[in-house]
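Chain residues, written in single-letter form:
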Amino acid sequence: MYPSRFGYEAPKSIEEAIGYLTAGAGEAKILAGGQSLVPMLKLRFAAPEMLVDINSIPGLDYINIGADGSIRIGALVRHEDIERSEELKTAQPTLAAAAHLVADPIVRTRGTFVGSVCHADPQGDWAAAMTALGGHIVVQGPKGKREIAMKDFVLGPFQNALAFNEIAIEAVIPAPQGTPVGSYLKLERRVGDFATASVAVALNIQGGNVVRAGIALAGVGGRTIDATEAASVLVGKPLSEDSILAAAEAVAAAAEPRTDHRGSSDYKRQIVKTFVSRILTGIANSEQKVA
Amino acid sequence: MALDEIKIGGMGASRRRVEDNRFIRGKGNYVDDIVLPGMLHMEILRSPMAHARIKSIDVSAAWEVPGVRLVLTGEMMAARNLAWMPTLSYDTQAVLATDKVRFQGQEVAAVIADDPYIAKDACQKIVVEYEALPVIVNPFQAMEASSELIRDDKENQPTNKIFDWEIGDKEGTDKAFAAADHVSKLELHYPRSHPSPMETCGSIADFNRATGKLTVYMTSQAPHIVRAAVAMVAELPEHMIRIVSPDLGGGFGNKVPIYPGYVISILASILTERPVKWIEDKTGNLISTGFGRDVYLKGELALRKDGKILGVRMNTISDHGAFYADAQPSKFKIGLMHSTFAAYDIPVAHLTSTGYYTNKAPGGVAYRCSFRVTEAMFFQERMVQAAADDLGIDQAEIRRMNFVKDDDFPHRTAFGFLTDSGQYEKCLNIGLEAIGYSTFKAEQEEARKRGRLLGIGISTMTEPLGAGNSKEYDILGIKMFDSAELRVHMSGKAILRTGAMNQGQGHQTTWAQIVAHELGIPADDVTVEEGDTDTAPFGMGTYASRSTPVAGAAVAMVSRKIRAKARKIAAHLLEVSEEDIEWELGRFYVRSNHERGVTIQDCAMAAYSNLPDGMEPGLENNAYYDPPNLTWPFACYIAKVEIDPETGVWDVLQFVAVDDCGVRINPMVVEGQIMGGLTEAYAMSSMQYQTYDEEGNCIGSNYMDYLLPTAWETPGFELYEVVTPCPHHPIGAKGIGECATVGGPAAFVNAVMDALKHTGVRNIDMPMMPNRVYEALQTGKDISGMPPVRSGD
């Protein structure tokens, strides 16, 4: 590949990295997994003056699961780490279900979870999963740390809420009330293709009732779609055929798909509806195990 | 005492591929691996517009980039009479655009610099002013009277039509249709596809002013054709041109044509007097080089009630892009489309074909298709399925009824081809048995009651592989024979060179096996070399599954010449007359005394040390082979699929392939060819296509948009074998490289159509993406043409 000329720094600490970003005055880009950035450099769609490679910063590759069930994922955790984590399989079924559907195995060995969320691709899997889970991103800048809720983090296609001199250092999924259940389904034309439509479902179930229902969509709008409001028909009762159908229809209506070569807007809505229904039915059928 | 043929790696041995040892260790030698002293790097600036007049090109800023050695434009090429070059179909193609650009990705300028980064940076500094012209992206727009004339550079080209061509018996066909019980009609589009070899095209041109010799290392499947073309274009004598194709990272037909990049790099080397390397990037390869298909069909079958086909009528309209650069035998304007229905006993047929220029990339035919046989057989098998469904006849029975029977060979097809061998019904029966056809109908009905949609699709076909004979087949007037040259060293080891060009077929492995079979020299003792025009004998290269039918036959024939001379030497060594000598694998012996013999290695040593009086020393020879006919392999492919009615996603539950390619030299290599071909067949049926929006932007310019299936999507394939030796080939072999790509797609489409039969849907054009299958299922209507590429709502 023959990208445009760029500078390169490999800082050893977050503070040093923030220094380079500040000095870059908006012309520096963070390099983590590079699975979206490097292709853009190759095609010269992106031509930053400097790359700040954070891979040498120690202590950013953790997956911490708290006693309360909250989960913290560091900025250098690779997709593959999520996919291979035995703890996450039980602690966070939505993440576990999505992990092996992200891109392809080669990308998963290198690409990072937090980097993918920051990329804010409307078709990105992790932004949808994090939105359904009601998570937030911890960012650090010259003035210290702040938290940004997922719903405020993704501003639009490929736009996030980071200032030019801030780094997203971890993703946080709050502690569940009761049992976390959920799943992730994605229709793609081929492994590694962008989603035609994806559905992330993250429920909390307590005493047989749904106490929290998070649903988010990818590929069916100009940004990650937060369909949690549409999913509220599920809350306060057990899953039933009626509530599943109502939720599937409400979520499909919340999608904002466009007709393109992956399918018509109606088709994409149909996929959303089908996937919501399939995930919820799957949960309902196994509910005795999680109640 | 004869050698064990399998042990020495002869015919029938699944010998490990010799090539793989270096490939899997990263020790291959591709064009981009070659580094010459003082070498410069070239980058091509391509047009972002599909159709536009060039008002001005300003290259001054590019010249100012440090490290830039040369900037070339069409004007500079024109000053040397190199702005245009001939294509392989007697048309012309722009090398660098002078007047206007005619497709997106067309070559506009080139920068030659000290390294590829500089070349690319400088390319971005070239300012081209375009004036947009109306864009034509399909042949139906091209044929409108008011459409913009694309080829205004040509004399006597008042419209966008390239050719009208027809073959067959119009009158007889009309009569057959008039007398038919039923006429079954089908309209189809075979979408544009790109071969997309992993290695893109590239060249290193090295002109030496002192010797006057031009050496070009390049990615060519047909280096000798390139040498002939370069001699024409560059006006250099042939002996001063050396074309070298090193290892090729795949070709699939994409590396047959001559591309502008090669020509520009040659001129750049002549002007700079330094080696100039050009390596195309993936997007450049996908948007500007040889594609396949893009043909529309109107097909009709005249049928008797019971399913007997009485006549075939076909009309094709094809999209060739901005230049008619198809690589195909000169006589046949739409390739071997008229090989269609060759497996069936059809009394009469008529084909009309019209080709058009459009504002799309040139270079049709390429993609593992043996000159449009892919379209011919796809159309055939889709029409047969539609006829069976229209008449309510079993899809296996209609094929069985119409097959050319085993006893009917040689058989003259309605379009004039001569098929010579096959056991079609046997292949079909094996396939049906393997897929469980006898119980499938019940299974399908039972599944439908539970909301599951199952379908079986059959595709049976014979195809013409291995052009020529030289009477009918030529490219640019050069006859399509091929060659081999064998030199046996005194130790009995040997080097073999042929005019073919390996690009993944395994020639290094299998050619040595033919030598082993003919001479008893272990395959491991035979070096195989191809691709260097200074050392290899003249040949037409590798494409159209012609290597084994033509060059492979030459290998057998030259081996036999060597054996004939060795026999004389053996008689001398054994002190008997030649008539008393017998041959068994690897050894001559005295007929009356089997113990008394000499090995082929003994004869080789004697050829350099102990010759009979008057015999010319050495043990080497060559052979040029002009095949008496094409070879006609047969294939039966059957797919069993299930459609998810809520999403339109279809899965292949089972796939059975029965191939009869005659005698198999290396069964493992043959199976690899079939597996690869079926993967490509699955690809085209499900996802792999190239399309254009109405502004002529190529959708499919990178691997995010141009989808190649991975191991995850690709179904498993069950392979079965039938062997009907080719009656005219010296070792009984037939071509195999393209069978699966040619015959495979219809099996997948027919299977999905079978699953949808109850809805009344008769056709979904490829690719059968889930959204298209879902739409057909919902509406009960056919889905035709390319998928839409613009946002609607």
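These numbers were taken from a predicted model, which means no experiment stands behind them. (Residues numbered from 1 in each chain as written. Chains lettered and ligands numbered in written order. Predicted model: local features only at pLDDT ≥ 70, side-chain atom pairs only at ≥ 80, totals over all residues. Heavy atoms only, no water.)

1. Re the interface of chain B and chain A
Accessible area lost when the parts come together is the quantity often used to give the size of an interface.
Then step 1. Residue-level contacts link 32 residues of chain B with 26 residues of chain A.
Then step 2. In total, about 2,600 Å² of surface goes out of reach between chain B and chain A, with carbon and sulfur atoms giving 54% of it.
Then step 3. In this structure, the salt-bridge partner of Arg278(A) is Glu646(B), at a minimum N-O distance of 2.8 Å.
Then step 4. On inspection of chain B and its partner chain A, the count reaches 10 residue pairs in polar contact (both at pLDDT 80 or more).
Then step 5. When contributions to the side of chain B that touches chain A are tallied by element, the ones reaching two or more residues are helix H4 (116-123) and helix H19 (770-779) of chain B.
Then step 6. For the side of chain B that touches chain A, the per-class residue count stands at 17 nonpolar, seven polar and eight charged. (Contact = heavy atoms within 4.5 Å. Buried area = accessible area lost by both parts, 1.4 Å probe. Salt bridge = Lys/Arg side-chain N within 4 Å of Asp/Glu carboxyl O. Polar contact = N/O pair within 3.5 Å; in protein donor to acceptor, adjacent residues only side chain to side chain. Helix = DSSP H or I, 4+ residues; strand = E, 2+ residues; numbered from the N terminus. Nonpolar A, V, L, I, M, F, W, Y, C, P; charged D, E, K, R; others polar.)

2. Here's the deal with the packing of helix H17 (residues 667-686) of chain B against helix H18 (residues 739-756) of chain B
Residue and element names in this part refer to chain B.
Then step 1. Their axes nearest at 7 Å, the elements H17 and H18 cross at an angle of 45 degrees. Overall, the two elements H17 and H18 adopt an arrangement that is oblique. At the point where H17 passes H18, the crossing takes the right-handed sense. Residues Ile674, Gly677, Leu678, Glu680, Ala681, Tyr682, Met684 and Ser685 of H17 touch H18, and the partners they reach there are Ala740, Thr741, Gly744, Pro745, Phe748 and Val749. (Axes fitted to C-alpha atoms, helices over the stretch in contact; angles between N-to-C directions. Parallel < 35°, antiparallel > 145°, perpendicular 65-115°, else oblique. Left-handed = near helix turned anticlockwise from the far one by under 90°.)

3. A look at the confidence of the model for chain B
Low pLDDT marks stretches whose predicted atomic positions should not be read closely.
Then step 1. Of all residues in chain B, 99% have pLDDT values of 70 or greater, and the mean over the chain is 96.
Then step 2. In the predicted structure, residues 789-793 of chain B sits below a pLDDT of 50 and forms 16 contacts with residues beyond four places in sequence or in another chain. (pLDDT = per-residue confidence, 0-100.)

4. Regarding the environment of Ala103(A)
Residue and element names in this part refer to chain A.
Then step 1. For alanine 103, the location among the structural elements is in the loop between helix H5 (93-99) and helix H6 (105-110).
Then step 2. Spatially, the C-alpha atom of alanine 103 lies 19 Å from that of glycine 222, the residues being 119 residues apart in sequence.
Then step 3. Setting aside anything within four residues of it in sequence, one finds alanine 103 in contact with Arg108, Asp125, Lys186, Val191 and Gly192.

5. Topic: the domain arrangement of chain A
Then step 1. By the assigned domains, chain A splits into domain 1 (7-56), domain 2 (63-173) and domain 3 (179-285).
Then step 2. Relative to domain 3 of chain A, the C-alpha centre of domain 1 of chain A lies at a distance of 35 Å. (Domains from an automatic or database assignment.)

6. Regarding the sheet that holds strand S3 (residues 50-53) of chain A
Residues and elements named next belong to chain A.
Then step 1. Ordered in space as S1-S3-S2, the three strands form an open sheet in which the pairing is parallel. Two strands close off the open sheet at either side, each with one partner strand: strand S1 (7-9) and strand S2 (28-31). Between one strand and the next, the sheet's axes are offset by a mean angle of 25 degrees, whatever the strand orientation.
Then step 2. Relative to S3, S1 runs parallel, the two sharing three bridges. (Pairing = 2+ DSSP bridges.)

7. Here's the deal with the pairing of strand S25 (residues 526-529) of chain B
All names here are of chain B.
Then step 1. Burial along S25 is one-sided: Val526 and Val528 are buried, and none of Thr527 and Glu529, which face the opposite way, are.
Then step 2. As paired elements, strand S24 (residues 494-498) and S25 share four bridges and run parallel to each other. Bridge pairing links arginine 497 to glutamate 529 in S25.
Then step 3. For the crossover from S24 across helix H14 (residues 507-519) to S25, the handedness is right-handed. (Buried < 20%, exposed > 50% of the residue type's maximum accessible area, 1.4 Å probe, protein only. Right-handed = clockwise from strand over helix to strand, strands pointing away.)

8. Describing the packing of aromatic side chains
Residue and element names in this part refer to chain B.
Then step 1. Taken as a whole and judged by the stated rule, the model has 32 aromatic pairs over all chains.
Then step 2. With 5.6 Å between their ring centres and 10 degrees between their planes, tyrosine 344 and phenylalanine 403 make a pair best called stacked. In this pair, tyrosine 344 is assigned in the loop between strand S16 (309-319) and strand S17 (349-356) and phenylalanine 403 in the loop between helix H11 (395-402) and strand S18 (411-412), connecting sequence segments 59 residues apart.
Then step 3. The class of phenylalanine 403 is buried, set by a relative accessible area of 2%.
Then step 4. Members of the aromatic cluster, each reached through a chain of ring pairs, are Phe341, Tyr344, Phe403, Phe409, Tyr424 and Phe634. (Phe/Tyr/Trp six-rings, centres within 6.5 Å; stacked < 30°, edge-to-face > 60°.)

9. So, a nonpolar patch on the surface
All names here are of chain B.
Then step 1. On the surface, a nonpolar cluster with roughly 280 Å² of combined accessible area is contributed by Met490, Met605 and Tyr608.
Then step 2. Within the element layout of this structure, tyrosine 608 appears in helix H16 (residues 600-609).
Then step 3. Since its relative accessible area comes to 35%, tyrosine 608 is described here as partly exposed. (Patch = residues over 30% accessible without salt bridge, like charges linked within 9 Å, V, L, I, M, F, W, Y side chains within 5 Å. Areas by Shrake-Rupley, 256 points an atom, 1.4 Å probe, with all protein chains shown as cover.)

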